[in-house]
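Summary of structural features
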Number of protein chains: 10
Amino acid sequence: MISSREEVTRMILASKVRKGLQWREAAEVVGLSKEFVTAGCLGQMTFDKAQAEALGQLFELPDEAIAWLQIVPYKGSLPSAVPSDPLIYRWYEIVSVYGTTIKELIHEEFGDGIMSAIDFSMDIQRQADPKGDRVNVVLSGKFLPYKSY
Amino acid sequence: MISSREEVTRMILASKVRKGLQWREAAEVVGLSKEFVTAGCLGQMTFDKAQAEALGQLFELPDEAIAWLQIVPYKGSLPSAVPSDPLIYRWYEIVSVYGTTIKELIHEEFGDGIMSAIDFSMDIQRQADPKGDRVNVVLSGKFLPYKSY
Amino acid sequence: MISSREEVTRMILASKVRKGLQWREAAEVVGLSKEFVTAGCLGQMTFDKAQAEALGQLFELPDEAIAWLQIVPYKGSLPSAVPSDPLIYRWYEIVSVYGTTIKELIHEEFGDGIMSAIDFSMDIQRQADPKGDRVNVVLSGKFLPYKSY
Amino acid sequence: MISSREEVTRMILASKVRKGLQWREAAEVVGLSKEFVTAGCLGQMTFDKAQAEALGQLFELPDEAIAWLQIVPYKGSLPSAVPSDPLIYRWYEIVSVYGTTIKELIHEEFGDGIMSAIDFSMDIQRQADPKGDRVNVVLSGKFLPYKSY
Amino acid sequence: MISSREEVTRMILASKVRKGLQWREAAEVVGLSKEFVTAGCLGQMTFDKAQAEALGQLFELPDEAIAWLQIVPYKGSLPSAVPSDPLIYRWYEIVSVYGTTIKELIHEEFGDGIMSAIDFSMDIQRQADPKGDRVNVVLSGKFLPYKSY
Amino acid sequence: MISSREEVTRMILASKVRKGLQWREAAEVVGLSKEFVTAGCLGQMTFDKAQAEALGQLFELPDEAIAWLQIVPYKGSLPSAVPSDPLIYRWYEIVSVYGTTIKELIHEEFGDGIMSAIDFSMDIQRQADPKGDRVNVVLSGKFLPYKSY
Amino acid sequence: MISSREEVTRMILASKVRKGLQWREAAEVVGLSKEFVTAGCLGQMTFDKAQAEALGQLFELPDEAIAWLQIVPYKGSLPSAVPSDPLIYRWYEIVSVYGTTIKELIHEEFGDGIMSAIDFSMDIQRQADPKGDRVNVVLSGKFLPYKSY
Amino acid sequence: MISSREEVTRMILASKVRKGLQWREAAEVVGLSKEFVTAGCLGQMTFDKAQAEALGQLFELPDEAIAWLQIVPYKGSLPSAVPSDPLIYRWYEIVSVYGTTIKELIHEEFGDGIMSAIDFSMDIQRQADPKGDRVNVVLSGKFLPYKSY
Amino acid sequence: MISSREEVTRMILASKVRKGLQWREAAEVVGLSKEFVTAGCLGQMTFDKAQAEALGQLFELPDEAIAWLQIVPYKGSLPSAVPSDPLIYRWYEIVSVYGTTIKELIHEEFGDGIMSAIDFSMDIQRQADPKGDRVNVVLSGKFLPYKSY
Amino acid sequence: MISSREEVTRMILASKVRKGLQWREAAEVVGLSKEFVTAGCLGQMTFDKAQAEALGQLFELPDEAIAWLQIVPYKGSLPSAVPSDPLIYRWYEIVSVYGTTIKELIHEEFGDGIMSAIDFSMDIQRQADPKGDRVNVVLSGKFLPYKSY
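These numbers come from a predicted model, not from an experiment.

Here we come to the overall build of chain A. In terms of regular secondary structure, chain A is built from 6 helices and 2 strands. By its C-alpha atoms, chain A is 50 × 50 × 30 Å across when sized along the principal axes. Out of the 149 residues belonging to chain A, those deemed buried represent 64%. Considering only intrachain contacts with a sequence separation of at least 6, the fraction spanning at least 24 residues in chain A is 52%. Charge separation in chain A, taken as the distance between the mean sites of 16 positive and 20 negative side-chain charges, equals 2 Å.

In this section: the sheet that holds strand S1 (residues 113-127) of chain I. Taken together, 4 strands build an open sheet; the order of strands is S1(I)-S2(I)-S2(J)-S1(J) and the sheet is antiparallel. Whereas interior strands pair on both sides, the edge strands pair on one side only; in this sheet they are S1 of chain I together with strand S1 (113-127) of chain J. Sheet twist, expressed as the mean angle between neighbouring strand axes with direction ignored, is 20 degrees. Strand direction decides the pairing type here: S1 of chain I and strand S2 (residues 134-145) of chain I, joined by 11 bridges, are antiparallel. By the bridge assignment, Phe120 of chain I is partnered in S2 of chain I with Gly141 of chain I.

Okay, the environment of Ser33 of chain D next. When you line up the elements, Ser33 of chain D lands in the loop between helix H2 (23-30) and helix H3 (34-41). The contacts of Ser33 of chain D, once residues within four sequence positions are left out, are Ala27 of chain D together with Tyr149 of chain E. A distance of 3.1 Å separates the side chain of Ser33 of chain D from the backbone nitrogen of Phe36 of chain D, its partner in a polar contact.

Structurally, the position occupied by Lys75 of chain D is in the loop between helix H5 (63-68) and helix H6 (86-110). Along the backbone, Lys75 of chain D and Gln44 of chain D are 31 residues apart, and their C-alpha atoms lie at a distance of 5.2 Å. With residues up to four places along the chain from it excluded, the contact list for Lys75 of chain D reads Val97 of chain C, Gln44 of chain D, Asp112 and Tyr146 of chain E together with Ser84, Asp85 and Pro86 of chain F. A polar atom in the side chain of Lys75 of chain D sits 2.5 Å from the side chain of Asp112 of chain E.

Turning our eyes to something else, we now look at the domain arrangement of chain A. Each domain of chain A was delimited in the assignment, giving domain 1 (5-68) and domain 2 (86-145). Relative to domain 2 of chain A, the C-alpha centre of domain 1 of chain A lies at a distance of 26 Å.

Let us now look at the side chain of Lys16 of chain F. Residue position: Lys16 of chain F is located in helix H1 (residues 5-19). Of the side chains with opposite charge, Glu104 of chain E comes closest to the buried, unpaired Lys16 of chain F, at an N-O distance of 4.2 Å. When neighbours within four sequence positions are excluded, Lys16 of chain F is seen to be in contact with Glu104 and Glu108 of chain E together with Leu21, Gln22, Trp23 and Phe59 of chain F.

On to the interface of chain I and chain A. Taken residue by residue, the interface counts 14 residues in chain I and 16 residues in chain A. For the pair chain I and chain A, the summed buried surface comes to about 1,200 Å²; carbon and sulfur atoms form 64% of the total. Applying the counting rule to chain I against chain A returns 0 salt bridges. Remark: the boundary between chain I and chain A carries 3 residue pairs in polar contact (both at pLDDT 80 or more). Looking at the side of chain I that touches chain A, the element that brings in the most residues is helix H5 (residues 63-68) of chain I, giving 3 residues. Of the residues contributing to the side of chain I that touches chain A, the split by class is 10 nonpolar, 2 polar and 2 charged.

Here the focus is the relation of the copies chain A and chain B. The operation relating chain A to chain B is a screw motion whose rotation component is 180 degrees, with 0.0 Å of axial translation and a residual RMSD of 0.0 Å. Such a combination of rotation and displacement between the chain copies is what one expects of a two-fold axis. No C-alpha of chain A lies nearer the rotation axis than that of Val138 of chain A, which sits 2.3 Å from it. When the interface residues of chain A are mapped onto chain B, 100% of them again fall at the interface, so both copies present the same face.

Another aspect to go through is the interface of chain A and chain B. Of the residues lining the interface, 68 residues belong to chain A; the matching set on chain B comes to 68 residues. Between chain A and chain B lies a buried interface of about 6,800 Å² when both sides are counted; carbon and sulfur atoms form 64% of it. Considering only the surface of chain A that becomes buried against chain B, Leu87, Glu108 and Val135 of chain A emerge as the three largest contributors, covering 10% of it. At the junction of chain A and chain B, the tally comes to 10 salt bridges.

In this assembly chain B lies apart from chain H, the nearest approach of their C-alpha atoms being 18 Å. Nothing in chain D touches chain J; the tightest C-alpha to C-alpha distance between them is still 18 Å.

Overlaying chain I on chain A yields an RMSD of 0.0 Å, the required transformation being a rotation through 72 degrees with an accompanying axial translation of 0.0 Å. As the rotation angle and translation indicate, the two copies are arranged about a five-fold axis. Measuring from the rotation axis to each C-alpha of chain I, the shortest distance belongs to Ser80 of chain I, at 8.2 Å.

Turning our eyes to something else, we now look at the sheet that holds strand S2 (residues 134-145) of chain D. Reading across the sheet, the 4 strands line up as S1(C)-S2(C)-S2(D)-S1(D) and stay open at both edges, with antiparallel pairing between neighbours. In this open sheet, the two strands that pair with only one neighbour each are strand S1 (113-127) of chain C together with strand S1 (113-127) of chain D. Geometrically, the sheet is characterised by an average inter-axis angle of 20 degrees between neighbouring strands, direction not taken into account. Contacting S1 and strand S2 (134-145) of chain C together with S1 and S2 of chain D, helix H6 (residues 86-110) of chain C runs over the sheet at an angle of about 20 degrees to S1 of chain D.

In terms of burial, helix H3 (residues 34-41) of chain F is largely enclosed, as 7 of its 8 residues are buried. The complete set of buried residues in H3 of chain F reads Glu35, Phe36, Val37, Thr38, Ala39, Gly40 and Cys41 of chain F. Buried-residue contacts for H3 of chain F involve helix H6 (86-110) of chain E together with H1, helix H2 (23-30), helix H4 (49-59) and strand S1 (113-127) of chain F. Directly beyond the C-terminal end of H3 of chain F, a positive phi value near 90 degrees is found at Gly43 of chain F.

Moving on, we get to the packing of helix H2 (residues 23-30) of chain G against helix H3 (residues 34-41) of chain G. Residue and element names in this part refer to chain G. At a closest axis distance of 8 Å, the pairing of H2 and H3 adopts a crossing angle of 100 degrees. As the angle between them shows, H2 and H3 are arranged roughly perpendicular. Between H2 and H3, the residues in contact are Trp23, Ala26, Ala27 and Val30 and Lys34, Val37, Thr38 and Cys41, respectively. Here the contact of H2 with H3 is composed, by residue class, of 6 nonpolar, 1 polar and 1 charged.

In this description, an aromatic ring pair is defined by two values, namely the gap between the centres and the angle between the planes. Evaluated as defined, the whole model comprises 70 aromatic pairs over all chains. Aromatic side chains Phe36 of chain B and Phe47 of chain B sit 6.2 Å apart centroid to centroid with 90 degrees between the ring planes, which places their arrangement in the edge-to-face category. One end of the pair, Phe36 of chain B, is in helix H3 (residues 34-41); the other, Phe47 of chain B, is in the loop between H3 and helix H4 (49-59), and 11 residues separate them in sequence. Of the two residues examined, Phe36 of chain B and Phe47 of chain B, each falls in the buried class. Here the guanidinium or amino end of Arg126 of chain D rests over the ring plane of Phe110 of chain C, the centre of that ring lying 4.2 Å away.

A word on the UniProt feature "active site" (unreviewed entry) in chain A. Here, the residues flagged by UniProt with the feature "active site" (unreviewed entry) are Arg90, Glu93 and Ser116 of chain A. As for its placement among the helices and strands, Arg90 of chain A is situated in helix H6 (residues 86-110). For Arg90 of chain A, the contacting residues outside a window of four places in its chain are Ile114, Met115 and Ala117 of chain B, Ile118 of chain I together with Arg90 and Glu93 of chain J. Inspection of the secondary structure assignment puts Ser116 of chain A in strand S1 (residues 113-127). By relative accessible area, Ser116 of chain A is classed as buried at 2%. Excluding its chain neighbours within four sequence positions, the residues that come into contact with Ser116 of chain A are Gly141, Lys142 and Leu144 of chain A. A distance of 3.0 Å separates a polar atom in the side chain of Ser116 of chain A from the backbone nitrogen of Ile118 of chain A.

Extensive coverage of strand S2 (residues 134-145) of chain J is indicated by the burial of 10 of its 12 residues. Pairing of S2 of chain I with S2 of chain J involves 9 bridges; the strand directions are antiparallel. Directly across from Ser140 of chain I, in S2 of chain J, lies its bridge partner Asn136 of chain J.

Let's shift gears to unusual backbone geometry. All names here are of chain C. The phi torsion at Glu60 lies on the positive side, around 55 degrees, for a residue other than glycine. Relative to the helices and strands, Glu60 resides in the loop between helix H4 (49-59) and helix H5 (63-68). A residue is classified by how much of its surface remains accessible, and Glu60, at 55% relative accessible area, is exposed.

Definitions and cut-offs
- Residues numbered from 1 in each chain as written.
- Chains lettered and ligands numbered in written order.
- Predicted model: local features only at pLDDT ≥ 70, side-chain atom pairs only at ≥ 80, totals over all residues.
- Heavy atoms only, no water.
- Helix = DSSP H or I, 4+ residues; strand = E, 2+ residues; numbered from the N terminus.
- Buried < 20%, exposed > 50% of the residue type's maximum accessible area, 1.4 Å probe, protein only.
- Contact = heavy atoms within 4.5 Å.
- Lys, Arg positive; Asp, Glu negative; His and termini not counted.
- Charge placed at Lys NZ, Arg CZ, Asp CG, Glu CD.
- Pairing = 2+ DSSP bridges.
- Axes fitted to C-alpha atoms, helices over the stretch in contact; angles between N-to-C directions.
- Polar contact = N/O pair within 3.5 Å; in protein donor to acceptor, adjacent residues only side chain to side chain.
- Domains from an automatic or database assignment.
- Salt bridge = Lys/Arg side-chain N within 4 Å of Asp/Glu carboxyl O.
- Buried area = accessible area lost by both parts, 1.4 Å probe.
- Nonpolar A, V, L, I, M, F, W, Y, C, P; charged D, E, K, R; others polar.
- Least-squares fit on C-alpha atoms with pLDDT ≥ 70 in both.
- Parallel < 35°, antiparallel > 145°, perpendicular 65-115°, else oblique.
- Phe/Tyr/Trp six-rings, centres within 6.5 Å; stacked < 30°, edge-to-face > 60°.
- Lys NZ or Arg CZ within 6 Å of the ring centre and 35° of its normal.
- UniProt positions renumbered as here; feature names shortened; annotations may be inferred.

See below:
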């Protein structure tokens, strides 16, 4: 009996290590970006039936797990409010150090509102650089204005 | 007597509202990106003498404040570990929901290490879109590998 | 020198008590709903120039305060993550007790996504009831779907 | 041996996914609103014998689980004080941003007291809208006055 | 300018020490129980005009403070979630040690619901005892049932 | 192997539901108040040999569990510092709202010291009331004075 | 206007540094142990009129401060739940490392109950030792038994 | 497979209850104080081979557990930063109320430095008293001075 | 099925105790410093295939565990934000007491930037000393400057 | 009136910026290491009379501030348990990632005990490196063993 999406995430992670798979292979069998598919495999997004079955085949998941992949999960991937992992912490630090800056500049350009984290996409790429390659990330989120009523 | 950088930040904010200034005007007088200059005005970055004086003139700051702008500040712009402001929270949410995904994909591409938040730059732009304009943000950070020793 | 929106909120509260004003009077001079105007007066929303000036006249605010009312504030009105005030706590409790229920039912109806807190309005009314009058609140938020990419 | 209501919740969730059930089906067999029945299935409300047995049949629960459904549970459905799930967080944000506003307006209308979260009901509906369908939620809670003594 | 109820509480406390007053004297001039009046003076309850004026005279408060006493305050009298003061902590400990017991026994007697903290009164008395006098506290709160809907 | 009192509490809860028992039946077989016996069954108090054996018979516990009931437990029945359960939260709220009031009134009557939570008893009763029955709770704790030394 | 005991503590600390006083001098003028008097000066204990006046003379306090010294303070001397100061932290560490040991041994000797922190005294002495002098602290607290009822 | 010292602690506790042992018996077979041996059995101290084997025989532990008793454990015996158990809390309260007092008096006697919690011993004794027996605890810690460098 | 690196850490710890191994033996079979190899065995660093296999042989790990050792782990070795273990706490205390000092001195020497914790190595050695041997730790981290952009 | 060491720290910081001083100048006038003197100026260490007067002259402090520099301060230089400043966070991260490693290796070399943070010194130096200069920090702390008693 599988009673939570976390169990499915653990099954995928175990299978990925055991079979030596890559996230880009998962993205390929699903036919979507590596960002969306990895997030989904880690329990943050929902797949449709065909996508879930493709992942089920790749990771050799039981039917019950494939059913869970089609259920909207309780989101949030971090075990603590401030993440301890250095790679993820750097992102938290960007929000901490630049948070008020991002706020000021978006408001200066758009007025009161937010950058959506739902109507949102992310693209992570290697950027070659003679002084050391860089991680280049493009975040795109729809601006949603507060309106008076 | 000014005894902390926060006081200078408050002076700049008060002056900005009183005089109706824009962050891009601050960026222009300094001659750097709007992202860096805004972060600096909000107490997160350090300016050299000429830059500090240009800002001092723009915001009509006393000499003591101009001296403080050249001192490295204690960084971190948020009043709580989980930010309450909706715009900034969306960024926290991106880290929360996509954190493990970002980690997995950078490791898959680069191996063990981090994306630097120091050798780092950010560019925030409006992206026109018929379904509603978008906020487009490019983050660029050098990859720093863990090496065994 | 006013260096934060909180100071303006305190000025409004002090003036409201001193002059015996009502929030609905503020809503009237602004010409918007009592919910939006009260939220704005409490430092959560932004007013345009005419609205800010109307409020400035009502609450007898100095020009600098009127300028601050037109600046997007750092939002979040509660002094602690779990609110201690009994009236506000009941709302926190509704989120705590019914949170997963709301999530399940919205997903069942709409699929993966959220109910917007930005493209959002709220209406609070007294509902007469022989067993004791009730507070009737209508919350309306646009559904924003997660889309795969 | 079942020693907590959470185990029953997990059994219901597992069964729901395995059998492809909907919360509205659960509401129908019980004969109450989808809001109350879902909350009960998620471990927040108590059912009487007939209701519990109807749910037991629908979700194929053992007798011991049916007995637990009739026991008042320890309530609170969220794993952290500030919820990480984006849909539930938006509700937390409404309380955070509008909390003091709600307080002011209820007090202005009713005087000192609270809106009950016990003598309370909730109704969640889809509201068609050409600019994108909306989630419409009606909350109704009895006003309970503080009385001097 | 007084901009919060806490300032009024501080004025009352300062006046009480300076003039050597007792809470029971405050209760007498108001004509209500010592429990309600003390709570009100400490910023937790609301007074009507006559009551506020009687207190204003007793504590020699300015008119603005008397106006604030008639405004519903943001409640919660403790500076931290777990109180450090030994007397108040013992009450927190009673909730911590006996919390689940109280819950079980009220549910066994009344079914699902709560004991109201709003339709509530408290009476604190000295109980003479040869082995050492006791504090006797009677708490009375209306039972509010959860009802299915 | 039973290695903590919590396991015994879980065994008692499971047995109570399975056998449809009431806390007052437990109180009867032990011969003490329902408040003390329930607290003990929930892992907060210690029983002597005869009491533990009577409970063991009622709840059909193994000998090892009966031994554990005679061991002083690590106390505190709540899973979080601020309880999420509405019934228990109301008690936390009473401490939060009335905490400083209780402190002031006990000090006014007794001087510096505390109301004991150890030399303490509690009695919970239904109080019939035409406007809705009430929960009446009497708390009795010895006053313990701070003495100078 | 003095509106809290903390202000008096700050006045005493400032005066102590300015005049180069020692806590033992304060203990002498009061005629009590250095432990009790220091705790009282730091805002944790209450003095009677004669004691407060003696301290007022020593520290050159105004009458209002002397009145505050006779009022029971809100206790708890640490700015955070886990103290950052190394000397005080070592005491926190003793509780953390030895807490369960102290509990087991007191229960083994006395049965269920506590060691009182109210009917309590403390004596801190230098103990000469050729390998380095030691701090010797004797804590004495009345054992208070839980009794069944 | 035993993979943590906590498992050994649980085995010792289970065995102690099952066999009706006392901590002083454990102290006797080891030949050290009851304070040190109890702390070690509760996972806070390290035993040598002979001591671990003596405990292994007393508590009937497997060889693997005896090996773990000789490994330095991760220390800290409390499940939360502020302990909920009343007996242990009283010690936390002593640190909270008297923390700054202890600090002041040790500094007054010894200068800047700390009382060691490592070069430390504790002795807990019953002190007969006609007004109720007392717990007498002697803490002895080497003074360690901060030195300038 | 192994589904997390923590399980591998627990297997290594259990094996280390059972077989009486030393971390320096692990360092030897891997051919790297004891600091890096221990950190890796404790789930903080990543090994290549040959290194993982050497550790697998030493600790008698199954193939699946050897595969997990080559996967980048979620880092952070402490169970709480403020560590309770006295040895580790002393390091936290160094950061707490000397944190701002380290910051000031690095900035004075290098300007704005950080000392890398990624391009970093650590060396822990015993330093003989007649007054008691010392732990000597050399930390070496690349300075990474913030640059304006 | 100066009533806390923090005020003196703020005076020193203000003076340092206003006069353009360096920490090494402070170290020189005191005649101790830059690490100790900076820590002392930042409110973490205590100075003797001559040292305090030298600093008083350098920073142009009033006599009262010079007196405070000779008083042992309440230590801990960080405003939050997890520091937000990137430079200081990297040190927190070292403790978080390497904490258990440091613990294991010190215990393997020395047995149970700690590395002192009191009998401790620190030396921060620039280490030239063609790939980018490094920060080299040597920490030296006396090993203090736990002894059985």
